[in-house]
Amino acid sequence: MKRSYYSLLALLAAGNGFSAMAQQKDSTLVREMTIEKEYNPIVREADKITRMPAVETPQTNKTKIEYAEPTLEATTKREVQTLEVGAVNTSYPFSKKRGYLDIAGGNYLNLRGDFGYRFIDKEKDLFGIELHHNSSNGKIGFPEDSWAKTKRKINDNSANLYYHHRFENLLLKTNVAYDYSGFNYYGEGDFDETYPHAVFEEYPVTHPDQTQQRVSLGFSLNTLHKQDWDYKMGFGFTGFSQKMPGINENEIAISLGLSRNSKSDWNFTTDLDVNVLAYGGKSVKYDWVTEGAFKNTGVVSIKPGMKYDNGSDFSARLGIRADMAFGVAPYVGIAPDFSMNWTMAEHWLLYGTLTGGIDQYSLSNLAKEHRYYYSLIQNRNSYTVADLELGIRSNAIAGFWFDIYGKLGYTKDDLFMESDVLALVAEEKTYWMNAINGFTANAFGWKIGTKMKYQFSNMLDLKLNLQFNGWNVSGDRVASYRPKYEIGMGATFRPIKKLTFDLNYDLKGGREAELSKMAVVAGTEPVTDAFVEKSVYKLKDIHQLNLKGDYRFNDTFALNASLNNLLFRKQEILYGMPEQGFHFMVGGSIRF
């Protein structure tokens, strides 16, 4: 049935020639020194990117108290990780060429390839394809052990076919995409002395392989120019499957928006979002998940409000968000929906938001953010009662820009990540499986930080990011895997027009991880008698220093290289899961 399902989607893509509407959820507020306009999703053209963007369905998820994952060199936000393979490219200027090909390779058998081509590139029609590959297959040493190594395997592949059409007053965007990811749970861990290690240590150790597949369809239509009535609509479908535990997830997202433009400074807006998750399937290997363990669930959100814009120095939105959920609590939520931008003086901007609402967690999105996410139970919806952010930004000094901000909020059933470590003795082997699971708890969170940038001519760019985070979590839990402080420093140097160097240093500190360890011997009954150990583990701070270089011969050919983990540190991505030591990547790019 699954093969027929995917075949039908492939035929649909080929017959209609549809393609990419990518809607990237981003918790970071980015503002220029102008009055902020209403968000309008835009798909990046192929010549503006150096790797394939994630294909997402329209989401109803809200921004909450967010923190920066230690994804210091990530090509995609796939997991809690300090270094994703293939992070080589620097940015390319806009090019009118239709296609690109980027390839790179390095030690640990790190490989990366990106390809994109626009078959049609006209004023009213855009039709193209994007392909992406990212893989690794090398042995990595454990931080606490000078001789023991484990093999980490990653094999990611993505394809995205997109089509855009511009009518006189409308813009249509469509896409169909397919993602395949294969990897292994390569981590290990130690058990307490109270458990007899010999039961499982006498057998050879192996790590289970996992595969994830995702099929996405997207469609959006919105008005162009400013009319008396502006409207937008979107539809998205995502089918997600994972080999273990064998649960299939289908997600349907529908979004509608309507706004009234009048001659006054006040305008009415309203948005309706519907997001439904439907589940099926069952684990056939271990029978860990019974049928019906994951309930069908959904959230309907209505966001009426008024927008004010005096056309010069002040704009704001005043509204509320009403959510109604079914299948998984909480069921009803009312939250504020407020945003403001005020240009107090030339080059000085004060901004703020007060938001909240119900947040729904899909397996597909969790697998994107945390590759090793593996859960046998369904997560509850979270409900952010209020989430307040205030900040001030300025570029009053020529070449210097800074942003100082603070944020605090309270969320019921906030989702935190913990490590589940399983040692399973079966079939004369010991299966070690380090995976990420989620637990929910009420949490009050805050953060305060600053971002600074300095540009000297076109030769040198400097940046500095500082952020401190804090949480108060209910039930004697900890803010698992969330860093307490983050520091980022970077410099971009262009000695000549064709040559660019990027030096970046990142620090993530104060991380703690909740652990749940279980050792099971196959055939023993009942399973509840298995050894279980729970604890809190303090991870060492992550220090990452990387150097990248890019040389463009002309608009067609370029070479790039990167030297990563220049501090030669042995560090844990997750508990018991080391990152790569010093490694390099060398590659080339063609624009055609």
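Residue positions are given per chain, counting from 1 as you read along its sequence in written order. pLDDT decides what is reported in this predicted model: residues at 70 or higher carry local features, side-chain atom pairs at 80 or more are listed and counted, and totals for whole chains, interfaces and linings draw on all residues regardless. Excluded from the side-chain calculation are hydrogens and water; included are all heavy atoms of the structure.

Participant: Quick question: what am I supposed to make of the overall build of the protein chain here?
Facilitator: Strands are runs of DSSP state E lasting at least 2 residues, helices are runs of H or I lasting at least 4, and numbering of each runs from the N terminus. Summing up its helical and strand segments, the protein chain has 3 helices and 27 strands in all. Relative accessible area decides the class of each residue, using a 1.4 Å probe on protein chains only: under 20% of the type maximum gives buried, over 50% gives exposed, and in between gives partly exposed. Counting all 592 residues of the protein chain, 51% fall into the buried class. Note on definitions: a residue-residue contact is assigned when non-hydrogen atoms from the two residues lie within 4.5 Å. A sequence separation of at least 24 residues applies to 67% of the contacts in the protein chain between residues at least 6 apart. Only the protein chains shown count as cover for residues, and all accessible areas are computed by the Shrake-Rupley method using a 1.4 Å probe. By element, 60% of the accessible surface of the protein chain is carried by carbon and sulfur atoms, the whole surface being about 27500 Å².

Participant: Looking at this structure, I do not really get the pattern of salt bridges. What am I missing?
Facilitator: By definition, a salt bridge exists where a carboxyl oxygen of Asp or Glu is found within 4 Å of a side-chain nitrogen of Lys or Arg. Going through the model one piece at a time under the given rule, you end up with 18 salt bridges. The shortest N-O distance in the salt bridge between Arg-317 and Asp-337 comes to 3.0 Å. With a gap of 20 residues between them, Arg-317 in strand 12 (residues 314–326) and Asp-337 in strand 13 (residues 332–345) connect regions that are remote in the sequence. What makes Arg-317 buried here is its relative accessible area of 9%. By relative accessible area, Asp-337 is classed as buried at 15%. A salt bridge links Arg-477 to Glu-418; the shortest N-O distance between them is 3.7 Å. Taken together, the residues span a long stretch of sequence, with Arg-477 in the loop between strand 18 (460–473) and strand 19 (485–496) and Glu-418 in strand 16 (residues 400–426) at a distance of 59 residues. Through salt bridges with shared partners, one network takes in Glu-418, Arg-477 and Glu-514.

Participant: Is there a simple way to think about a positive patch on the surface in this case?
Facilitator: Patch membership is restricted to residues that have no salt bridge and whose relative accessible area is over 30%. Joining uses 9 Å for like charges and 5 Å for the nonpolar side chains Val, Leu, Ile, Met, Phe, Trp and Tyr. Charge counting treats Lys and Arg as positive and Asp and Glu as negative, with His and both chain ends excluded. Where a charge lies is defined by one atom per residue type, namely NZ (Lys), CZ (Arg), CG (Asp) and CD (Glu). Together, Lys-139, Lys-149, Lys-151 and Lys-570 line one region of the surface with positive charge. One can find Lys-149 in strand 4 (residues 149–166).

Participant: Please explain the confidence of the model for the protein chain as it appears in this structure.
Facilitator: Parts of the prediction with low pLDDT should not have their coordinates interpreted in detail. Considering every residue of the protein chain, the mean pLDDT works out to 82; 78% of them sit at 70 or more. As a per-residue measure, pLDDT reflects the predictor's confidence and takes values from 0 up to 100. This stretch, residues 1–94, has a pLDDT under 50; its non-local contacts, to residues over four places away or in other chains, come to 308 contacts.

Participant: Explain the environment of Phe-338 to me, please; I cannot follow it from the model alone.
Facilitator: Mapped onto the fold, Phe-338 is located in strand 13. Accessibility expressed as a relative area gives 28% for Phe-338, which makes it partly exposed. C-alpha of Phe-338 to C-alpha of Gly-356: the two residues are 18 residues apart in sequence and 9.7 Å apart in space. Every residue in contact with Phe-338, bar those within four places of it in the chain, is listed here: Arg-317, Leu-318, Gly-352, Thr-353, Leu-354 and Thr-355.

Participant: Before we go on, may I ask you to explain the pairing of strand 21 (residues 512–521) in this structure?
Facilitator: Side-chain positions along a regular strand alternate between the two faces of the sheet. Most of strand 21 is tucked away: 8 of the 10 residues are buried. Paired strands are those between which DSSP finds at least two bridges. In terms of strand pairing, strand 16 meets strand 21 through 7 bridges, oriented parallel. Along strand 21, the bridge assignment pairs Leu-424 with Val-520.

Participant: What exactly am I supposed to notice about the nonpolar core here?
Facilitator: Soluble globular proteins tend to pack their nonpolar side chains together in the buried interior. Counting 40 residues, the largest nonpolar core has Tyr-185, Leu-363, Tyr-372, Met-417, Met-433, Tyr-481 and Leu-574 as its most contacted members. For this core, the elements supplying multiple residues, two or more each, are strand 10 (266–280), helix 3 (363–369), strand 16, strand 17 (429–456), strand 21 and strand 25 (572–574). A per-element tally of this core places strand 16 first, with 7 residues. Excluding residues that lie within four positions of it along the chain, Met-417 makes contacts with Leu-366, His-370, Tyr-373, Ile-436, Asn-437, Gly-438, Phe-439, Ser-480 and Tyr-481. The criterion is simple. A nonpolar core is a set of buried Ala, Val, Leu, Ile, Met, Phe, Trp, Tyr and Cys residues joined through side-chain atoms within 4.5 Å.

Participant: Where do I start with the side chain of Lys-508 in this structure?
Facilitator: Structurally, Lys-508 can be placed in strand 20 (residues 499–509). We define a polar contact as two N or O atoms separated by no more than 3.5 Å, with the added condition that, inside protein, one atom must be a possible hydrogen donor and the other a possible acceptor, whereas residues neighbouring each other in sequence contribute only through side-chain atom pairs. Within the structure, the side chain of Lys-508 is placed 3.3 Å from the side chain of Glu-486, a separation counted as a polar contact.

Participant: I would appreciate a short explanation of the packing of aromatic side chains in the present structure.
Facilitator: Aromatic rings in a pair are described by how distant their centres are and how their planes are angled relative to each other. Working definition: a ring pair exists when centres of Phe, Tyr or Trp rings (six-membered ring for Trp) sit within 6.5 Å. Plane angles under 30 degrees give stacked, over 60 give edge-to-face, the rest tilted. All told, the structure shown has 18 aromatic pairs when counted by the stated rule. Between Phe-115 and Phe-592, the ring centres sit 6.2 Å apart and the planes meet at 25 degrees, which makes this aromatic pair stacked. Taken together, the residues span a long stretch of sequence, with Phe-115 in strand 2 (residues 110–121) and Phe-592 in the segment after strand 27 (583–591) at a distance of 477 residues. Overall, the relative accessible area of 27% leaves Phe-115 in the partly exposed class. With a relative accessible area of 40%, Phe-592 lands in the partly exposed category. Aromatic side chains Phe-416 and Phe-439 sit 5.6 Å apart centroid to centroid with 20 degrees between the ring planes, which places their arrangement in the stacked category.

Participant: Help me out: how do you make sense of a nonpolar patch on the surface in this one?
Facilitator: On the surface, Met-233, Phe-235, Ile-252, Ile-254, Leu-256, Leu-272, Val-300, Ile-302, Met-324, Tyr-331 and Val-332 cluster together to form a nonpolar patch covering roughly 920 Å² of accessible area. Among the secondary structure elements, those contributing two or more residues to the nonpolar patch are strand 8 (229–242), strand 9 (248–260) and strand 11 (297–309). With 3 residues, strand 9 is the single largest residue contributor to the nonpolar patch. With respect to the helices and strands, the residue Leu-256 is situated in strand 9.

Participant: How do you make sense of the pairing of strand 19 when you look at a structure like this?
Facilitator: Pairing between strand 18 and strand 19: 9 bridges, direction antiparallel. Residue Leu-464 lies in a different strand from strand 19, and its bridge partner there is Met-489. Where strand 19 and strand 20 come together, 10 bridges link them in antiparallel fashion. Within strand 20, the position partnered with Gly-490 by the bridge is Asn-504. From the end of strand 19 to the start of strand 20, which pair antiparallel, there are 2 residues.

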